[in-house]
Amino acid sequence: MAKRLVVFSLAFLGLFGQVVPAFALDFPEPEGFVNDFANILSSGTKQTLEQQLAQLEEDSSIEIAVVTVESLEGTTVEDYAVRLFEDWKIGKESEDNGVLFLIAPNEREVRIEVGYGLEPVLTDGKCGRILDNYVIPEFEKGDYDRGTSEGVAAVIKIVHPATSEGIAGQAGVEEDDGGVWILFVIGVIFLSYLSSFLARSKRWWPGGIIGAILGVVSGIFLASVVISVLAAVGLGILGLIFDFILSKNYKERKQRGLPTSWWGSCGGFSGGGFSGFGGGRSGGGGASRGW
Amino acid sequence: MKSLALILGALGLVVVLGVVSIIGFYNGLVTKSQNIDGQWAQVETQYQRRFDLIPNLVNAVKGLFEQEQKVFGDIAEARTRYSGAATVDEKVAAAGELEGALARLLVIIENYPEIKSDAAVMGLMDELAGTENRIAVERRRFNDWVRDYNTTIKRIPGSLIAPMFGFSERAYFEAVEGSEVAPTVEF
């Protein structure tokens, strides 16, 4: 019956226009590397993961998408994963170096789907081990945050060990490098507050005014009217551009629901950030588990 | 005289446009046909991967149960037939037989928890499950391309143009009878 219905609707569509795939699924647009559509991850976990995955992308161009869905819409986790991969095109186009970490909490199924390019590195057997050792034991306890974080960390460790070490290093104690370091930190904090203020102000002219004032002040210090005017104009324009970019960036992140706090967004510049997936493909490699 | 030239010019334009669009359509069909062939190669790559993997799995589990020698015989036989297959149909048939035998082996392994939990066997089972899934994915894409192509040559103007150049309908990949049904195993 269902088959006949499909044939019929295909014939019907054929009369009027484009043929659509027989069992089209509707996928939401990606919001970042982490897409918690089922709302099972804490915001802290999401921020940390987003940051790590942006870092990985910057270091190696490998794209890992973490996705939780409320429903698999009646299909298998394997089928859903490969179609979502087709739709989002995770990974870079020529390298197919994407990974999809798909969690369906209601169906109690999880899958790691591997792009063509990473199949030799992240083999099906390794995916199975990661799920068995790090993910499933935590999911069975209901700890989605821990299971997901450890699973992703294990994947990163296999696909790009250097990033994995970098992430582990960040978690350690920061080294004390003396006075210059403190000055630098104060400078960064001051700058971050300033840029945070400028970004949030939505308007993009305060940066220009602040730049101009700084120019005048520095001119006064150097006791020269010419330098004062030149510095005011130069720094004013720089400030305008700076504020313009910041405000735009802030607005974009806000729209996409990305973190806008200083640490959460890595200052909005470092760490690359998410700018859509790159056109990668997968062909059903990876492993799935239920719990 | 002037109107005759105009009519001739218009006719000429129509003919040129017609020829150009037929050429475009022809090229489109060639591309779609090539897509199908390319996708078939993908399916065969995955078949080959499966055949390469099987000796490992068989060697890992063969000694563990003596009473299940028949399934190993079936697998070896299907494998020999696949490598000897000359036509696509023979390949598909041998692959289907192998699929049945592998499904039986997987059910057998499921029934032996101590074997199932062996790390080497688990890894191989994942590889095998991944290969089966890859085959399913590439087959689906193959069928998508065939459907795309068949739809094009069946709709107007395809139904008029395709026969002129000898384009005919392509066959879908049908799952071999019974291969999607997991067999029951008795002890």
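Residues numbered from 1 in each chain as written. Chains lettered and ligands numbered in written order. Predicted model: local features only at pLDDT ≥ 70, side-chain atom pairs only at ≥ 80, totals over all residues. Heavy atoms only, no water.

1. Notes on helix α2 (residues 43-60) of chain A
Residues and elements named next belong to chain A. Taking 1.5 Å of rise per residue, the 18 residues of α2 would be expected to cover 26 Å, and the 25 Å separating its terminal C-alpha atoms lies within 8% of that figure. For α2, the complete set of buried residues consists of Thr-45, Leu-49, Glu-50, Gln-52, Leu-53, Ala-54, Leu-56, Glu-57 and Ser-60. Directly after α2, the chain includes Ser-61, whose backbone phi takes a positive value near 70 degrees. (Helix = DSSP H or I, 4+ residues; strand = E, 2+ residues; numbered from the N terminus. Expected span 1.5 Å × (residues − 1). Buried < 20%, exposed > 50% of the residue type's maximum accessible area, 1.4 Å probe, protein only.)

2. Some details on a negative patch on the surface
A cluster of acidic residues, A:Asp26, A:Glu29, A:Glu73 and A:Asp87, forms a negative patch on the protein surface. By the element assignment, A:Glu29 lies in the loop between α1 (2-16) and β1 (34-36). (Patch = residues over 30% accessible without salt bridge, like charges linked within 9 Å, V, L, I, M, F, W, Y side chains within 5 Å. Areas by Shrake-Rupley, 256 points an atom, 1.4 Å probe, with all protein chains shown as cover. Salt bridge = Lys/Arg side-chain N within 4 Å of Asp/Glu carboxyl O. Lys, Arg positive; Asp, Glu negative; His and termini not counted. Charge placed at Lys NZ, Arg CZ, Asp CG, Glu CD.)

3. Quick word on a nonpolar patch on the surface
On the surface, a nonpolar cluster with roughly 530 Å² of combined accessible area is contributed by A:Val229, A:Val233, A:Ile237, A:Ile241, A:Phe244 and A:Ile245. If you trace the backbone, A:Phe244 turns up in helix α9 (residues 225-256).

4. Concerning the interface of chain B and chain A
Contacts between the two partners involve 18 residues from chain B, matched on the other side by 27 residues from chain A. Roughly 1,600 Å² is buried in total at the junction of chain B and chain A, and carbon and sulfur atoms are behind 37% of that figure. The largest share of the area that chain B buries against chain A comes from B:Asp126, B:Arg134 and B:Arg140, three residues that together contribute 33% of it. The interface formed by chain B and chain A includes eight salt bridges. Among the salt bridges present, the one from A:Asp79 reaches B:Arg140, with a minimum N-O distance of 4.0 Å. For the side of chain B that touches chain A, the secondary structure elements donating two or more residues are α1 (2-62) and α5 (119-154) of chain B. Take the side of chain B that touches chain A: its biggest share by element is 15 residues, from α5(B). Taken together, the residues of the side of chain B that touches chain A break down into three nonpolar, six polar and nine charged. (Contact = heavy atoms within 4.5 Å. Buried area = accessible area lost by both parts, 1.4 Å probe. Nonpolar A, V, L, I, M, F, W, Y, C, P; charged D, E, K, R; others polar.)

5. Brief notes about the environment of B:Asn59
Residues and elements named next belong to chain B. Note on placement: Asn-59 falls in helix α1. Using a relative accessible area of 60% as the deciding quantity, one classes Asn-59 as exposed. Through-space distance from the C-alpha of Asn-59 to that of Phe-72 is 9.9 Å; in sequence the pair is 13 residues apart.

6. Let's talk about the nonpolar core
Residues and elements named next belong to chain A. Judged by nonpolar contacts, the single largest core of 53 residues is most densely connected at Leu-100, Leu-102, Val-110, Ile-112 and Leu-122. Of all the secondary structure elements, the ones that give two or more residues to this core are α2, β2 (63-68), α3 (77-88), β3 (98-104), β4 (109-115), α4 (124-140) and α5 (144-159). Not counting residues up to four positions away in its chain, the partners in contact with Leu-102 are Val-67, Val-69, Leu-72, Val-77, Tyr-80, Ala-81, Leu-84, Glu-109, Val-110 and Arg-111. (Core = buried A, V, L, I, M, F, W, Y, C linked by side-chain atoms within 4.5 Å.)

7. Description of the packing of aromatic side chains
Tallying each qualifying case throughout the model produces 16 aromatic pairs over all chains. Three or more aromatic residues joined by ring pairs form one cluster here, namely A:Phe33, A:Phe37, A:Trp88, A:Phe274 and A:Phe277. (Phe/Tyr/Trp six-rings, centres within 6.5 Å; stacked < 30°, edge-to-face > 60°.)

8. Observations regarding the sheet that holds β1(A)
Strands belonging to one sheet form pairs held by backbone hydrogen bonds; the direction of such a pair is parallel or antiparallel. Residue and element names in this part refer to chain A. Judged by pairing direction, the sheet is mixed, and its five strands sit side by side in the order β1-β2-β3-β4-β5 without closing on themselves. One side of each edge strand has no neighbouring strand; the edge strands of this open sheet are β1 and β5 (282-290). Shown here is a sheet whose adjacent strand axes are inclined to one another by a mean of 15 degrees, direction ignored. Judged from the six bridges that link them, β2 and β3 form a sheet pairing that is parallel. Paired with Val-67 across the two strands is Leu-102, which belongs to β3. (Pairing = 2+ DSSP bridges. Axes fitted to C-alpha atoms, helices over the stretch in contact; angles between N-to-C directions.)

9. Brief notes about the pattern of salt bridges
Oppositely charged side chains may form a pair once their charged atoms are brought near each other. Going through the model one piece at a time under the given rule, you end up with 33 salt bridges over all chains. A salt bridge links B:Arg141 to A:Glu86; its shortest N-O distance comes to 3.0 Å. Residue B:Arg141 is located in helix α5, and its partner A:Glu86 is located in helix α3; the two belong to separate chains. With a relative accessible area of 14%, B:Arg141 lands in the buried category. Classification of A:Glu86 by relative accessible area gives partly exposed; the value is 31%. The partner of B:Arg50 in a salt bridge is B:Glu99, and the shortest N-O contact between them spans 3.3 Å. Here B:Arg50 is found in helix α1, whereas its partner B:Glu99 is found in helix α3 (residues 88-110), with 49 residues between them in sequence. Overall, B:Arg50 belongs to the buried group, its relative accessible area being 0%. Take B:Glu99: its relative accessible area is 12%, and that puts it in the buried class. The structure contains a network of salt bridges with shared partners spanning A:Asp79, A:Arg83, A:Glu86, B:Arg140, B:Arg141, B:Asp144 and B:Arg147.

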